[in-house]
Amino acid sequence: MTTQGDPRAARRGAAVRADGPAELVGPSHPEPHGRVDRGAGDRPAWRLILAGAIAAALAMISEARLGPRDPEVADPSSWWGILPSGQPADTARGVLAATAGLAVIGLCLSWLLLLARARRGTISPRAAGAAALAWAVPFAVGPPLFSRDVYAYAAQGELARHGLDPATHGINSLLSREAGGGLFIAAVDPRWRDTHAPYGGLGVGVERACAALGDLLGTGAAGTVAALRVVALISTVLLVALALRLPGGPRRADQGGRSGRCRSGRTVAIVLALLAANPFVIIHLVGGAHLDALAAALLVAALVIDRGRGTGRAPSWALGATAVAFACLAGSVKATAFLGAGWLVFVHVRDAWHSGPAAATGRPGRRAATIGTALAADTVAAALALLAGMAAGGFGPTWIGALATSGKLETGIAPASVFATLVDLAPRIVGLEWPGDSDAVLGATRALVLAVVGLTVAWLALRTWPARPAAQATRPLTPDAVRPTGPEPGRRDDLVVVGFGGMALVLGSPVVYPWYLALSVPFLAALVALAPSPPGRQTRAAVGLIAVTSVWLCLATLSPLAATWRLLGRADPLLGAALVVVSAAVVSAATVPAVRRRTTVRRRTIPAPRPEARTRPR
């Protein structure tokens, strides 16, 4: 018997997948249940993965062979012979800088194509994870690149190992301690040799532990940097694993009434594409070995723990206090993570106000007691976490006074700096000048931008305060009508506040670097994964923010274009032509298969003429 004569089978055959292109689902087209069809999704993805891996390897090797950008800096080791023993010639520097720049552009392009496929649901979680792994391996085995902050971490750990507080002593203080301190100092960017570290107690504790391990193994500065790389790798893996749990609460049903297994596969692929395969994660968290990966992992863990409130596994106040403790530990690594701690305290007060026996009885004293209990538990947890961080570092809260260290420099890509330049140039167009100098204008614009950031975060948080339903305003509340204490299943308010608020804090900071995105992108990625299809305005804004800021900040850390062009002018024309050909081949390997597949999918999704249904004889 054919399905052509069965109307129910015909309707089943015309079913459309909720998260992918239209396809027939019937006896001859079994539904994949949580994974993309291998022939339609994974096979072309391997070409994209290979193109990104080649771009990542070229970027790592070229940037490493380029050597330190400052001639006063020396690497403590050759990193298995990858780093050069001396400064390359000008011609070689121009070629290497251009190759690294084009390779990073190729990696970003591969990521954007992978992200587009993940959002369309045409790539499996396995392929997305394979892309992240293949692209990260070159940076995981290579030396720290595109930033020398990890060498500053190592020197600060050596300071702490000798009993000197990095928040009150510069790295140059190592000269008076031992002969080996010169290797630590020589590897640090000269701008940071006399400044004080703005990292909290737990961050200093991790640095000191890595320095102690390097001293124990007799490897000195090189061993300390390698230990910090291992910490960054473990933190990044934990960050991705925990971020996958943020949207993993309730599973939604498909249109056909089945369980949400197909939806969960697409969710995992989106989170892996937005976070694990993101160039800023691969290049800067893995390659640069920044402590922001550790802070982000702790903050994501805090939100994962807080989402367990009200599930019956443990008292709500205990889980909430534990979440606040993890958020404060994240803040004791990077101070910007205290945004998450502030949000958790706010949401605990909010939930205590709108739930529980106090809200049912309507007695102000009972409600105040419930709120006081939540605040007391959070305060004790925060204090214990901060004390633990200071104990790990071995010093008091002196790092609070060093938070202004980063603001002593200026990054031209920071929105506050761009705004200050425009404000400074505006009166000069008509022949006037501001009463202060450029530094005064920059300080005023930075203060204004930070005020806007504070108002934005406050607005995002206050919008989540639930209003009392109008239907219940005319009748007394009963215990049965009160929602349980804790977050509602599938909620997204924490992702919105910490994600968009964290992104506002990143863009509003006096200086902006790519690794700052670690404290906002995981939450925005989970928010995108939870969004229904078709995506709304909030989802499109989250994807746009992640894509634009990630690519923009990664490109901003490349060698200056003017200097690279000047050095390339001295190169052999044949060498420059070969460089262009190789770069074009990498870009083509990433784009041509994607364009070809997109054209093929469009042709295949054109609905075929439906045969006339045959009716059964009565």
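Residues numbered from 1 in each chain as written. Predicted model: local features only at pLDDT ≥ 70, side-chain atom pairs only at ≥ 80, totals over all residues. Heavy atoms only, no water.

Visitor: Help me understand the overall build of the protein in this model?
Guide: Scanning the protein from terminus to terminus reveals 22 helices and zero strands. Look at the contacts in the protein between residues 6 or more apart in sequence, and 79% of them connect residues 24 or more apart. Only carbon and sulfur atoms are counted for the fraction: they give 65% of the accessible area of the protein, which is about 28,700 Å². (Helix = DSSP H or I, 4+ residues; strand = E, 2+ residues; numbered from the N terminus. Contact = heavy atoms within 4.5 Å. Areas by Shrake-Rupley, 256 points an atom, 1.4 Å probe, with all protein chains shown as cover.)

Visitor: Where do I start with the pattern of salt bridges in this structure?
Guide: Should their charged atoms come close, side chains of opposite charge can pair. One pass over the full model with this rule turns up 11 salt bridges. In this structure, R350 and D351 form a salt bridge, with 3.2 Å as the shortest nitrogen-oxygen distance. Across the pair, exposure class does not vary: R350 and D351 are buried alike. Each of the salt bridges in this network shares a partner with another, and the network as a whole consists of D306, R309, R350, D351 and D493. (Salt bridge = Lys/Arg side-chain N within 4 Å of Asp/Glu carboxyl O. Buried < 20%, exposed > 50% of the residue type's maximum accessible area, 1.4 Å probe, protein only.)

Visitor: Would you mind showing me how to read helix α3 (residues 90–120) here?
Guide: Given 3.6 residues to a turn, an α-helix orients residues that are three or four positions apart in the same direction. For α3, with 31 residues, the first-to-last C-alpha span of 45 Å sits near the 45 Å given by 1.5 Å per residue. Phi for G121, located one or two positions after α3, is positive at around 75°. (Expected span 1.5 Å × (residues − 1).)

Visitor: Hey, could you run me through the environment of C108 in this one?
Guide: Tracing the sequence through the fold places C108 in helix α3. Owing to a relative accessible area of 3%, C108 belongs among the buried residues under this scheme. The sequence separation of C108 and L555 amounts to 447 residues, and the corresponding C-alpha distance is 9.0 Å. What C108 contacts, discounting residues up to four positions off in sequence, is P279, V551 and C554.

Visitor: Would you mind showing me how to read the confidence of the model for the protein here?
Guide: Detailed reading of predicted coordinates is not advised where the pLDDT is low. Looking at the protein, the pLDDT average stands at 78 and 73% of residues meet or exceed 70. Element-level mean pLDDT values for the protein span from 41 in helix α1 (residues 7–13) up to 96 in helix α10 (residues 279–286). Every residue in residues 467–487 is under pLDDT 50, and counting partners more than four places away or in other chains gives 33 contacts. Contacts for the low-pLDDT stretch residues 611–618, under 50 throughout, to residues beyond four places or in other chains number nine contacts. (pLDDT = per-residue confidence, 0-100.)

Visitor: Just checking my understanding: could you explain the side chain of T224 for this structure?
Guide: Among the secondary structure elements, T224 is positioned in helix α8 (residues 220–243). Taking the relative accessible area as the measure of exposure, T224 reaches 0% and is therefore buried. Here T224 is in contact with A154, F184, C210, A211 and G214, once residues within four sequence places are set aside.

Visitor: Explanation requested: unusual backbone geometry in the structure shown.
Guide: Leaving glycine aside, a negative phi is the common case for residues, and trans is the common case for peptide bonds. Located in the positive-phi region is W79, a residue other than glycine, with phi close to 50°. By the element assignment, W79 lies in the loop between α2 (38–66) and α3. Even without a glycine there, the phi angle at W80 is positive, about 60°. Structurally, the position occupied by W80 is in the loop between α2 and α3. When its relative accessible area of 72% is taken as the criterion, W80 is described as exposed.

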